[in-house]
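So you can see what is in the structure, the chains are spelled out below.
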Amino acid sequence: MNPGMRQVYFYLILLGFAGYLWIGWVYFNIESNREPLVGCLIKSVTGLPCPSCGTTRSVIHLVSGDFIGSLKTNPLGVISFTALLFVPFWAFWDVSMGQIGLFRLYRKAEILFRKPVVFIPFIALMLLNWVWGISKGL
Amino acid sequence: MDAQRVDMFMMANSKFFESHHLMQVRDRMLSLDDSRWMMVQSLSFYDPTTTLIVSLIGGGLGIDRFMIGDTGMGIAKLLTCGGLGVWAIIDLFLIMGAAREKNLDKLTRAII
């Protein structure tokens, strides 16, 4: 495994771990009826939601089994939830077994996202989702 | 390659590389054939200062990572509001180094 690969695996495992901690912490806060947390720096500073605001709420809807509610909050939550389910465990598996399956997928995805046919619709969808998020007042 | 040319290149482009990589870059350039000079000259590197400015403004949306070609990390940063703001702040310190590493990658790929 070269330093570049190690860095990608380090980030993926750290992100997954942080993601589970964050979801657990927010879930615990909701269960004990405390003030809802705002994790987004952009929203705390400007008051406007960023394109990914609502992802935590969306994941929490999914955890409670409310798929429609999750889509209505922020569809990016479904992607994050799926990634959170697979990526950290796959990364951990690869590191412990000395394989590079996830890294190959990561590189393929990167190459795919550099193509204008993919990244222009992606940015357009993100912008639409952002406008929708602002109009919903996330 | 001619030492004078290499030193000229190093002087003009030293800010694009980590200081501990400079000798390595110089050695590699010296061992290159003269015919590669035009190609090496035509390479455009990511400016670490510009990436830092982009990181300050658009770090929360991962634009800095997209800019240096780290698309995967850019998407991860975008989907997590800049890692809940924490990653965006950490990246203010890391992004210049990351841009310099990318420049070394770019040069290595071009001269192999």
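In what follows, the structure referred to is the one given above.
What counts, and at which threshold
Residues numbered from 1 in each chain as written. Chains lettered and ligands numbered in written order. Predicted model: local features only at pLDDT ≥ 70, side-chain atom pairs only at ≥ 80, totals over all residues. Helix = DSSP H or I, 4+ residues; strand = E, 2+ residues; numbered from the N terminus. Buried ≥ 20, exposed ≤ 12 C-beta atoms within 10 Å, placed from the backbone. Contact = placed C-beta atoms within 7 Å. Nonpolar A, V, L, I, M, F, W, Y, C, P; charged D, E, K, R; others polar. Core = buried A, V, L, I, M, F, W, Y, C linked by C-beta atoms within 7 Å. Expected span 1.5 Å × (residues − 1). Bend = angle between axes of the 7 residues up to and from the residue.

**Observations regarding the overall build of chain A**
Item 1. Across its full length, chain A carries 7 helices and 0 strands.
Item 2. From first element to last, N terminus to C terminus, chain A shows the α and β order α-α-α-α-α-α-α.
Item 3. When its C-alpha atoms are laid out on the principal axes, chain A stretches across 45 × 40 × 30 Å.
Item 4. In chain A, which comprises 138 residues, the proportion classed as buried is 26%.
Item 5. Partitioning the intrachain contacts of chain A with sequence separation of at least 6 by distance along the chain shows that 52% fall at a separation of at least 24.

**What about the overall build of chain B?**
Item 1. Helix and strand counts for chain B stand at 8 helices and 0 strands.
Item 2. Listing each helix as α and each strand as β along chain B from the N terminus yields α-α-α-α-α-α-α-α.
Item 3. Based on the C-alpha atoms only, the size of chain B along its principal axes is roughly 50 × 20 × 20 Å.
Item 4. When burial is assessed residue by residue, chain B has 37% of its 112 residues classed as buried.
Item 5. Pairs at least 24 apart in sequence give 65% of the contacts found in chain B among residues at least 6 apart.

**Details of the interface of chain B and chain A**
Item 1. Of the residues lining the interface, 15 residues belong to chain B; the matching set on chain A comes to 20 residues.
Item 2. Secondary-structure elements contributing two or more residues to the side of chain B that touches chain A are helix H6 (71-79) and helix H7 (81-84) of chain B.
Item 3. In terms of residue count, the dominant contributor to the side of chain B that touches chain A is H6 of chain B (7 residues).
Item 4. Of the residues contributing to the side of chain B that touches chain A, the split by class is 9 nonpolar, 6 polar and no charged.

**A look at the nonpolar core**
Item 1. Among the nonpolar cores identified, the biggest contains 25 residues, and Leu12, Cys40 and Cys50 of chain A together with Cys81 of chain B are the most heavily contacted of them.
Item 2. For this core, the elements supplying multiple residues, two or more each, are helix H1 (3-31), helix H2 (41-46), helix H5 (76-97) and helix H6 (101-113) of chain A together with H6 and helix H8 (86-111) of chain B.
Item 3. Looking at which element gives the most residues to this core, the answer is H6 of chain B, with 5 residues.
Item 4. Not counting chain neighbours up to four residues away, the residues in contact with Cys50 of chain A comprise Cys40, Ile42 and Lys43 of chain A together with Gly60, Leu61 and Cys81 of chain B.

**So, H8 of chain B**
Item 1. Taking 1.5 Å per residue as the helical rise, H8 of chain B with its 26 residues ought to reach 38 Å, and the 37 Å between its terminal C-alpha atoms agrees with that figure.
Item 2. At Phe93 of chain B, H8 of chain B shows its maximal kink, close to 50°.
Item 3. Listed as buried for H8 of chain B are Trp87, Ala88, Asp91, Ile95, Met96, Ala98, Ala99, Arg100, Glu101, Asn103 and Leu107 of chain B.
Item 4. The elements touched by buried residues of H8 of chain B are H2 of chain A together with helix H2 (22-30), helix H4 (48-58), helix H5 (63-67), H6 and H7 of chain B.

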